[in-house]
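Structural features, examined
The residues making up each chain are set out below.
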Amino acid sequence: KSFKRDRIYFFISIIAIAATLVVSLPSPKVRAAAETLNCDGNSRTISVGTYTDATGDQFSSGADLTLAQGSGSCTFTLTQLGNASAIELASLNIQSGVTLTHGGAVTTDGTYTKIELDVTGDVVVESGASIDVSAKGLVSNGGNAYGYGMYDGVIASSFGYASSHGSGGSHGGPGGSYTDFSFGAAVLTQYDSISNPIYPGSSGSWFTVLAKGGGVVRISAANVTVSGTIYANASTAGFAGEGAGGT
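Just so you know, these numbers come straight off a predicted model, no measurement behind them.

1. Describing the overall build of the protein
For the protein, the helix and strand inventory stands at one helix and 16 strands. For the protein, with 247 residues in total, the buried portion stands at 40%. For the protein, the proportion of contacts with a sequence separation of at least 24, taken over those separated by at least 6, is 68%. Of the roughly 12,900 Å² of accessible surface on the protein, 54% is carried by carbon and sulfur atoms.

2. A short note on the pairing of strand β9 (residues 115-119)
For β9, the buried fraction is high: four of the five residues fall into the buried class. Taken together, the four bridges between β9 and strand β14 (residues 217-220) define a ladder with parallel strand orientation. Each residue of the ladder has a partner; that of Leu-117, found in β14, is Ile-219.

3. Things to note about the environment of Cys-39
Tracing the sequence through the fold places Cys-39 in the loop between β1 (34-38) and β2 (44-48). On the basis of relative accessible area, Cys-39 is assigned to the buried category, the value being 2%. For the pair Cys-39 and Ser-73, spaced 34 residues apart in sequence, the C-alpha to C-alpha distance is 7.8 Å. Not counting the four nearest positions on each side in its chain, Cys-39 is found in contact with Arg-44, Ala-68, Gln-69, Gly-72, Cys-74 and Phe-76.

4. Thoughts on the state of the cysteines
A covalent bond between the sulfur atoms of two cysteines is referred to as a disulfide. Taken as a whole and assessed by the stated rule, the structure comprises one disulfide. The disulfide partner of Cys-39 is Cys-74, and the gap between their sulfur atoms is 1.3 Å. Here the disulfide of Cys-39 and Cys-74 is left-handed, its torsion about the S-S bond being about -65°. One end of the pair, Cys-39, is in the loop between β1 and β2; the other, Cys-74, is in strand β5 (residues 74-78), and 35 residues separate them in sequence. The two residues Cys-39 and Cys-74 agree in class, both being buried.

5. Considerations on the nonpolar core
With 25 residues, the main nonpolar core has Phe-59, Leu-67, Phe-76, Leu-89, Leu-92, Ile-94 and Leu-100 as its most contacted residues. Broken down by secondary-structure element, the contributors of at least two residues to this core are β4 (64-68), β5, β6 (87-89), β7 (91-94), β8 (98-102), β9 and β10 (122-125). Non-local contacts of Leu-67, meaning those with residues more than four positions away in its chain, are made with Leu-37, Ile-46, Phe-76, Leu-92, Asn-93, Ile-94, Gln-95, Val-98 and Leu-100. Listed in part, the five residues of the second largest apolar core include Tyr-112, Leu-138, Tyr-191 and Tyr-199.

6. Observations concerning the pattern of salt bridges
Applying the stated criterion to the full structure yields three salt bridges. Note that Asp-57 and Arg-44 form a salt bridge whose closest N and O atoms lie 3.1 Å from each other. Residue Asp-57 is located in the loop between β2 and β3 (58-59), and its partner Arg-44 is located in strand β2; the two are separated by 13 residues in the primary sequence. Its salt-bridge partner being Lys-114, residue Glu-116 comes within 2.5 Å of it at the nearest N-O pair. You can call Glu-116 buried: its relative accessible area is 17%. Its relative accessible area of 5% is what places Lys-114 among the buried residues.

7. What to know about the confidence of the model for the protein
Note: predicted coordinates in regions of low pLDDT should not be interpreted at a detailed level. A residue-level look at the protein finds 60% of positions with pLDDT of 70 or above and a mean pLDDT of 75. Here residues 1-23 is a poorly scored stretch, pLDDT under 50, and it has zero contacts once near neighbours within four places are set aside; other chains count.

Thresholds, definitions, all that
- Residues numbered from 1 in each chain as written.
- Predicted model: local features only at pLDDT ≥ 70, side-chain atom pairs only at ≥ 80, totals over all residues.
- Heavy atoms only, no water.
- Helix = DSSP H or I, 4+ residues; strand = E, 2+ residues; numbered from the N terminus.
- Buried < 20%, exposed > 50% of the residue type's maximum accessible area, 1.4 Å probe, protein only.
- Contact = heavy atoms within 4.5 Å.
- Areas by Shrake-Rupley, 256 points an atom, 1.4 Å probe, with all protein chains shown as cover.
- Pairing = 2+ DSSP bridges.
- Disulfide = S-S within 2.5 Å.
- Core = buried A, V, L, I, M, F, W, Y, C linked by side-chain atoms within 4.5 Å.
- Salt bridge = Lys/Arg side-chain N within 4 Å of Asp/Glu carboxyl O.
- pLDDT = per-residue confidence, 0-100.

Right under this line is the structure:
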């Protein structure tokens, strides 16, 4: 009798345990929205916001984004200040005939513009397409001998914080010094990280028209395929010191 009681108690305990099991199923994966912007031969300014259709000027954060030329080659200018977080996308495809750039640098202390993308999937720059932020870095300070440089992440144009009197702009290394000038040319000390740069290049210097530095392109993605081009070059300005390349 005691043996049968033990078996009954054992059987009941198993049922009690089984009754508490809960099965949890994974939530269905939500696909990113596929969004296309067509420029149709016209240069357009775009930003993160609410996507409407291919003719709109905004795209959604986290979208599978395609930049298409439509009926003709054109440039998309992304609005993104330097102190803003990276723009998140699921993927980015820049089609042939399209150039992606950012706005020119503003001269207010602490601000500049950039392209910084955090892409969970693929970035494709097709043949005939480009990301080009050349001469979109720090601008000239027309009217005096100083270009714009950076100091502790702040844009400045004064002695000690910028190249002057014909010297070249600095960035990861110091710009070239124009030693023949009687006033004594100044060279901005190099700034930014060599291995992980984040800032634009500084401008060259002279009394009037100055060369501009290169802008900023930072892309983190699962895969990047570039069949076209990516540029962040500086510009020249004749007799003036040349600008420094960007990021």
